[in-house]
Amino acid sequence: MMLELKPFGRARRIIFSPLLADRYFLVGLILLLALTALALLAPWLTAHSPDDMDLYAIEAPPDADHLLGTDEIGRDVFSRLLYGGRVSILVALAAVFFQAVIGVSLGCIAGYKRGLADTLVMRVTDIIMCFPFYALAITLAAILGASSWNVILIIGVLHWTGIARLVRAELLSLRESGYVQAARAMGVGGITIVFRHLLRNAYAPLIVNLTLAVANAILSEAALSFIGLGVKQPQPSWGNMLAAAQSIRVIDYEWWLWIPPGLTIVLMVLAINFIGEGLSRVLNPRPAIPVKDIYTH
């Protein structure tokens, strides 16, 4: 008796088989899983609390007790690095979720309704995109104060514009399709058409964009925390750990205070970008242009 392959299973194989064959995606996935596992397993991987101070080992170099040394008030750097990963990753994911809700909602309104709604949404988008992100982010952080929730709010409010423009463009190209016109003729409501038909056919570029947005959110949180307007001490994050490297003495003689968090940020962003590159190749394949055609056109 032969088993029939379900369409969903076939689609899943079509998507995941090329992904697993992509070297960039595999490297990014391994790096991401390793860094996430270190953050999640922090209580079992370190014997020190991130807030415990050892006054007899202030700014001590790495040894058997403190694998990555201690900071300026005797806190274990390895412990703070692992626990800080939890904070940085959660802040980034929450910020991307927030900006996805705003961007997808406004992009759907602009792309499906068009007319006045499209004009208003796009003008607001253009106004926000006219200003440098960090200029607005620093202003809002100074007004609202430094905290994890405020960082999530700031990144979400200021970074939704790219997602909104992407969703709008996809819906504008899909809204006149035959299946959409058939759904309208059958009396299907606009919300149902958008979420059950249009967004389901525009998920590929949206997933790639949201994946890369996580890396951007990690960098934004690190930058705001570095200047004291992000995650507040004593709560650790990779950004406020880097704040200890603002003195020349630390950069020259105390490498364990800034190289581990800086390298972790680089690896995390690199891993997410590799995953985004792999997803882009599989979900948005572009036919290669032969070399001879490049020079003949």
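Look a little higher up for the structure.
Fair warning: this is a prediction, and the values are worked out from it, not measured in the lab.

K.L.:
How should I be thinking about the overall build of the protein in this particular structure?
P.N.:
Of the regular secondary structure elements, the protein holds 15 helices and 0 strands. Out of the 297 residues in the protein, the part that is buried amounts to 42%. Residue pairs at least 24 apart in sequence account for 71% of intrachain contacts in the protein once pairs closer than 6 positions are excluded. Summed over its atoms, the accessible surface of the protein is roughly 16700 Å², and 69% of this surface lies on carbon and sulfur atoms.

K.L.:
Whenever I open this one, the side chain of N150 confuses me. Can you help?
P.N.:
Relative to the helices and strands, N150 resides in helix α7 (residues 148–158). Sequence-distant contacts of N150, defined by excluding residues within four places in its chain, comprise L144 and G145.

K.L.:
Explanation requested: empty space enclosed by the protein in the structure shown.
P.N.:
To find the voids left in a structure, one rolls a probe of water-molecule size over its atoms. According to the stated counting rule, one finds 1 cavity of 30 Å³ or more in the structure shown. Estimated volume of the largest cavity: approximately 30 Å³. Lining the largest cavity we find L166, V167, E170, L199, A202, P205 and L206. Counting only elements with at least two residues in the lining of the largest cavity, the list comes to α8 (161–174) and α11 (203–226). Of the residues forming the lining of the largest cavity, the biggest block, 3 residues, is contributed by α8. Looking at side-chain class alone, the lining of the largest cavity contains 6 nonpolar, no polar and 1 charged residues.

K.L.:
Got a minute to help me understand the pattern of salt bridges in this structure?
P.N.:
It is possible for side chains of opposite charge to pair when their charged atoms get near one another. Following the criterion strictly, the structure yields 9 salt bridges and no others. A salt bridge links R123 to D126; the shortest N-O distance between them is 2.8 Å. Placement of both R123 and D126 in helix α5 (residues 115–130) is noted, with a separation of 3 residues, approximately one turn of the helix. Judged by relative accessible area, which is 26%, D126 ranks as partly exposed. Here the salt bridges do not stand alone but share partners, grouping E59, R249 and E254 into one network.

K.L.:
Which parts of the structure should I look at to understand unusual backbone geometry?
P.N.:
Negative phi characterises most residues that are not glycine, and trans characterises most peptide bonds. The amide bond that connects Q233 to the next residue, P234, takes the cis arrangement and shows omega of 5°. Checked against the element boundaries, P234 lands in the loop between α11 and α12 (238–242). The residue E59 is not glycine, and still its phi comes out positive at about 55°. Summarising the element assignment, E59 is placed in the loop between α3 (42–45) and α4 (77–113). A residue is classified by how much of its surface remains accessible, and E59, at 21% relative accessible area, is partly exposed.

K.L.:
I'm lost on α4 in this one. Help?
P.N.:
Its 37 residues give α4 an end-to-end C-alpha distance of 52 Å, which sits within 8% of 54 Å, the value for a rise of 1.5 Å per residue. For α4, the side-chain oxygen to backbone nitrogen distance between the N-cap and F78 is 3.4 Å, and the N-cap itself is D76.

K.L.:
Looking at this model, I keep getting lost on the packing of helix α2 (residues 23–40) against helix α14 (residues 259–283). Mind explaining?
P.N.:
Close contact between α2 and α14 brings their axes to 7 Å; oriented N to C, the two are set at 140°. As judged from the angle between their axes, α2 and α14 are oblique. By crossing handedness, the relation of α2 to α14 is classed as left-handed. Residue-level contacts link Y24, F25, V27, G28, L29, L31, L32 and L35 of α2 to T264, L267, M268, A271, I272, F274, I275, G278, L279 and R281 of α14. For the contact of α2 with α14, the residue count by class is 14 nonpolar, 3 polar and 1 charged.

K.L.:
Before we go on, may I ask you to explain the nonpolar core in this structure?
P.N.:
If you look at soluble globular proteins, the nonpolar side chains tend to sit buried side by side. Ranked by size, the top nonpolar core spans 44 residues in total, and within it I218 and M268 carry the most contacts. Of all the elements in the fold, those that place two or more residues in this core are α4, α6 (133–144), α7, α11, α12 and α14. Contacts of M268, omitting those with residues within four sequence positions, involve L32, L35, I89, I218 and W238. Within the second largest apolar cluster, 15 residues are counted, among which are Y112, V167, V180 and L206.

K.L.:
Would you explain the packing of aromatic side chains in this entry?
P.N.:
The description of two aromatic rings rests on the distance between their centres and on the angle between their planes. Per the counting criterion, the structure on display carries 3 aromatic pairs. Ring geometry for Y24 versus F274: centroids 5.3 Å apart, planes at 70°, classification edge-to-face. Note that Y24 is positioned in helix α2 and F274 in helix α14, a separation of 250 residues in sequence. Exposure remark for Y24: the relative accessible area of 37% places this residue in the partly exposed category. Relative to Y134, the ring of F133 lies with its centre 4.9 Å away and its plane at 75°, an arrangement referred to as edge-to-face. Y134 gets classed as partly exposed once you look at its relative accessible area, which sits at 37%.

Rules behind the numbers
- Starting from 1, residues in each chain are numbered consecutively following that chain's sequence as written.
- Only residues with pLDDT of at least 70 are given local features in this predicted model, and only at 80 or more are side-chain atom pairs given and counted; all residues enter the totals for whole chains, interfaces and linings.
- Note that water and hydrogens are dropped before the side-chain values are worked out from all heavy atoms of the structure.
- Secondary structure elements are defined from DSSP: runs of H or I of at least 4 residues count as helices, runs of E of at least 2 residues count as strands, and each element is numbered from the N terminus.
- We call a residue buried when its accessible area falls under 20% of the maximum for its residue type, exposed when it is over 50%, and partly exposed in between, using a 1.4 Å probe and counting protein chains only.
- Contact criterion: two residues are considered in contact whenever any of their non-hydrogen atoms come within 4.5 Å of each other.
- Methods summary: accessible areas were calculated by the Shrake-Rupley approach with a probe of 1.4 Å, and residue burial reflects only the protein chains presented.
- The distinction between a cavity and a pocket rests on a 1 Å grid over the protein atoms alone: a 1.4 Å probe fits inside a cavity but cannot get out, while a pocket stays open yet meets protein on both sides within 12 Å along at least five of seven lines, and a residue with an atom within 4 Å of a point counts as lining.
- Grid points are joined across faces, edges and corners, and a volume is the space filled by probe spheres set on the points.
- Note on residue classes: Ala, Val, Leu, Ile, Met, Phe, Trp, Tyr, Cys and Pro are nonpolar, Asp, Glu, Lys and Arg are charged, and everything else, Gly too, is polar.
- Any Lys or Arg side-chain nitrogen located within 4 Å of an Asp or Glu carboxyl oxygen qualifies as a salt bridge.
- To estimate how far a helix should reach, multiply one less than its number of residues by 1.5 Å.
- Between N or O atoms, a polar contact is any pair within 3.5 Å; within protein, one atom must be a potential hydrogen donor and the other a potential acceptor, and residues adjacent in sequence are included only when both atoms are from side chains.
- Axes here mean lines fitted to C-alpha atoms, for a helix over just the part in contact, with angles spanning 0 to 180 degrees between N-to-C directions.
- Relative orientations are named as follows: roughly parallel for angles under 35 degrees, roughly antiparallel for angles over 145 degrees, roughly perpendicular for angles from 65 to 115 degrees, and oblique for any other angle.
- In this scheme the crossing of two helices becomes right-handed for a clockwise turn of the near helix relative to the far one and left-handed for an anticlockwise turn of less than a right angle.
- Take the buried residues of types Ala, Val, Leu, Ile, Met, Phe, Trp, Tyr and Cys, join any two whose side-chain atoms come within 4.5 Å, and each joined set is a nonpolar core.
- Aromatic pairs are defined between Phe, Tyr and Trp rings, using the six-membered ring for Trp, whenever the two ring centres lie within 6.5 Å; interplanar angles under 30 degrees are classed as stacked, those over 60 as edge-to-face, and all others as tilted.

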